[in-house]
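Spelled out, the chains give:
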Amino acid sequence: MPTLRWLTRDQDVQAAQKVPYKLLEEVPELSYGDRTIGNMLIQGDNLEALKALLPYYAGQVKCIYIDPPYNTRSAFEHYDDNLEHSNWLAMMWPRLELLRDLLSEDGSIWVNIEDREGHYLKVLLDEIFGRRNFLQGIVWNRKASPANDAKYFSNDHDYIHVFAKNMDAVSLNKLEREERHNKHYTNPDNDSRGPWNSITFTGNKNRKERPNLYYSVTNPNTREEIFPPENLTWRYGKDKAQELLRGGYFYWGKTGTSKSPRIKQFLKDAKPVIPRSVWGHDEAGHTQMAMLEQRAFGGQPFGTPKPERLIERILHIATKPGELVLDSFLGSGTTAAVALKMGRRCIGIEMGDHAVTHCAPRLQKVTDGEQGGISKAQDWQGGAGFRFYRLGPNVFDETGQIQPEILFPTLAVHIWFSETGVPFSGDGASPYLGAHDGAGLALLYNGILGDKSVSGGNVLTRKSLRTVREAAGSFDGPLTIYGERTVLSETSLSEERVTFKQTPYDVRARK
Ligand SMILES: C[S@@+](CC[C@H](N)C(=O)[O-])C[C@H]1O[C@@H](n2cnc3c(N)ncnc32)[C@H](O)[C@@H]1O
């Protein structure tokens, strides 16, 4: 497959693996509302933040929306948008790799960009996500009015590249019908089945090519036999026509005598709407609307916000209530605000100070029931809440040793992820972590059994093995046990079906 080359590509494709795992530390005074829902606002470089999330959320995120800096050579008030072209590609590659690993099998990623880097970005996405997983390129008319002061063109549109994690598993929703979709439905003949619109019953085939579609239908009002006009056919075969006649789906015009019958389609049977690939202001808003939204709820001005309607539309298509949404270039917090109002869970990452000056206050207002943006459309009355985090120390030092301040639950998460490749769902209160693919995993660390002596918690002895087996309950399959050391011989370990791994030397931060 053809790939894109740039100066530092060889290092950049290794970069995500080399990023150290860091702890996420809550800043309780910036958290707000219900902290138990799992909404997270993280201040920090998203490369490190995404890596920190991996052991907890790999394969769990249903929808990723990102709106990275477009590299327009601008200096906005809150962030710079001016990287050398190769550096921009180098910045994007490892982040996209980590985002892919966080996405669920049925999930999708939506990447907002414009012309300058958009086509290069598409090539990166093709390589990282696979060309066959490309779902759609969306063109969004972001400008409320043309930029008449532009030199040659008013640059009006953004692209949104949409990729599935796995084309065979992705699940997307159609859109609910809105008033504007239904305005062509009327009820001129007072049909008891309600408003309808109609399609012609005349087909567009030639009668010689499709003789089975050339026949007469009887107008029940006049008993007249009607044939298709000229050399054309009817739209459907005879059986289907009889079924539609019996069901009263034919419309013979105002006088009931038309020779070009039509077929009624009732609003009550109308299906949800398939999203189109060009999005206008009615559906997705525009950037001026985003600025007005900020002012309306008293938010701090931010240079490049997206309108809430754009994100609402994306989350409608890509998620269901309760599912997890991630935005790792959060800006003023639009994605998180919309996710909360739509009852989705959300993780937002923003490196700038505006994580504190814009995102946190915005989400606090949303929690309190802020009524701007999509609130009315979503009947948002407030609720939810979030925890605010910053990046803490590394979990492992440069030589791969566990940092002394790491507590049992944190190491449990990392050991589980490094052994299984999936996030840990336990609470880290038991030395037995669980079973995966028929093998159990246990960790003796940090005095989990309450005693650091040789015969106690961190050393594998007959007694601690018994404790682990008891904690494992009905699981009696093979076990991998991490501990400081073992007093059991190779033969005993083999009889007990135990593979012993030594902390810290055998603990590998998963690359
Ligand atoms: C175009 S803005 C996003 C605007 C956002 N969609 C909104 O509605 O407000 C891009 C944001 O990405 C942030 N950003 C850039 N590089 C980042 C990084 N490495 N880690 C985290 N955030 C980053 C910038 O500070 C900026 O706020």
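Each value, and the rule that gives it
- Per chain, the residues get numbers from 1 upward, laid out in the order the sequence is written.
- Where totals are concerned, whole chains, interfaces and linings use all residues; where local detail is concerned, this predicted model gives features only for residues with pLDDT of at least 70, and gives and counts side-chain atom pairs only at 80 or more.
- In computing side-chain values, all of the structure's heavy atoms are included and hydrogens and water are not.
- Each residue is tested against the molecule or strand, and it is near if at least one of its non-hydrogen atoms lies within 4 Å.
- Here a polar contact means two N or O atoms within 3.5 Å. Within protein one must be a hydrogen donor candidate and the other an acceptor candidate, and residues neighboring in sequence count only if both atoms are side-chain atoms.
- Using a 1.4 Å probe, the Shrake-Rupley method yields the accessible areas, and only the shown protein chains count as cover for residues.
- By definition, any uninterrupted DSSP run of H or I lasting at least four residues is a helix, any uninterrupted run of E lasting at least two residues is a strand, and each is numbered from the N terminus.
- We call two residues contacting when some pair of their heavy atoms lies within 4.5 Å.
- Pairing between strands requires that DSSP locate at least two bridges from one strand to the other.
- Just to be clear on terms, a salt bridge is a Lys or Arg side-chain nitrogen sitting within 4 Å of an Asp or Glu carboxyl oxygen.
- Throughout this description, buried means an accessible area under 20% of the type-specific maximum (1.4 Å probe, protein chains only), exposed means over 50%, and partly exposed covers the range between.
- Working convention: axes come from line fits to C-alpha atoms, limited for helices to the stretch in contact. Angles between N-to-C directions cover 0 to 180 degrees.
- Nonpolar cores were defined as sets of buried Ala, Val, Leu, Ile, Met, Phe, Trp, Tyr and Cys residues, with membership established by side-chain atoms within 4.5 Å.
- All domain edges in this entry derive from an automatic or database-based domain assignment.

1. Focus: the site of the ligand
- Taken together, the neighbourhood of the ligand is formed by 20 residues, with Asp67, Ser332, Thr334, Glu350 and His354 sitting nearest.
- Take lysine 306: an N or O atom from its main chain is 2.9 Å from an oxygen atom of the ligand.
- Glutamate 350 has a polar side-chain atom sitting 2.7 Å from an oxygen atom of the ligand.
- Within the complex, 96% of the 600 Å² of free accessible area of the ligand lies under protein.

2. Re the side chain of histidine 161
- Checked against the element boundaries, histidine 161 lands in strand S9 (residues 157-164).
- Excluding anything up to four places from it in sequence, histidine 161 contacts Ile109, Trp110, Val111, Ile113, Gly118, Leu121, Lys122, Leu125 and Gln136.

3. Description of the sheet that holds strand S13 (residues 250-251)
- Taken together, three strands build an open sheet; the order of strands is S10-S14-S13 and the sheet is antiparallel. At either margin of the open sheet sits one strand with a lone partner, and together these are strand S10 (196-200) and S13.
- Direction of pairing for S10 relative to strand S14 (residues 262-266): antiparallel, over a ladder of five bridges. Bridge pairing in S14 places isoleucine 199 opposite isoleucine 263.

4. Section: the pattern of salt bridges
- Evaluated as defined, the whole model comprises 26 salt bridges.
- Across the pair aspartate 126 and lysine 122 runs a salt bridge whose closest N-O atoms are separated by 3.0 Å. With aspartate 126 and lysine 122 both in helix H4 (residues 115-129) and four residues apart, this pair spans about one turn of that helix. The exposure classification of aspartate 126 matches that of lysine 122, with both residues buried.
- Of the charged contacts, one joins arginine 132 and aspartate 168 as a salt bridge, the two residues approaching to 3.1 Å between their closest N and O atoms.

5. Points about the pairing of strand S20 (residues 439-443)
- S20 sits mainly inside the fold: four of its five residues count as buried.
- The pairing of strand S19 (residues 432-436) with S20 spans four bridges and is classified as antiparallel. Counterpart to alanine 435 in the pairing with S20 is glycine 440.
- Counted between consecutive antiparallel strands, the loop separating S19 from S20 contains two residues, among which aspartate 437 sits at a positive phi close to 50 degrees.
- Sheet topology note: the S20/strand S22 (residues 479-483) ladder contains four bridges and is parallel. What sits directly across from leucine 441, in S22, is threonine 480.

6. Observations regarding the sheet that holds S22
- Pairing in this open sheet of four strands is mixed, and the strands run S19-S20-S22-S24 from one edge to the other. The sheet is open, and its two edges are formed by S19 and strand S24 (498-502), each paired on a single side. Sheet twist, expressed as the mean angle between neighbouring strand axes with direction ignored, is 20 degrees.
- Contacts from helix H13 (residues 462-471) reach S19, S20, S22 and S24 within the one sheet, and its direction differs from that of S22 by about 130 degrees.

7. A word on the nonpolar core
- Ranked by internal contacts, the top residues of the largest apolar core, which has 64 residues, are Leu53, Met92, Leu96, Ile109, Leu326, Leu411 and Leu443.
- When residues of this core are assigned to domains, at least three map to each of domain 1 (9-173 + 275-387) and domain 3 (408-502).
- Dropping the residues within four chain positions of it, leucine 411 is found in contact with Phe396, Ile402, Ile406, Leu443, Tyr445 and Val507.

Note that every value here comes from positions in space, so none of it alone points to a role or purpose.
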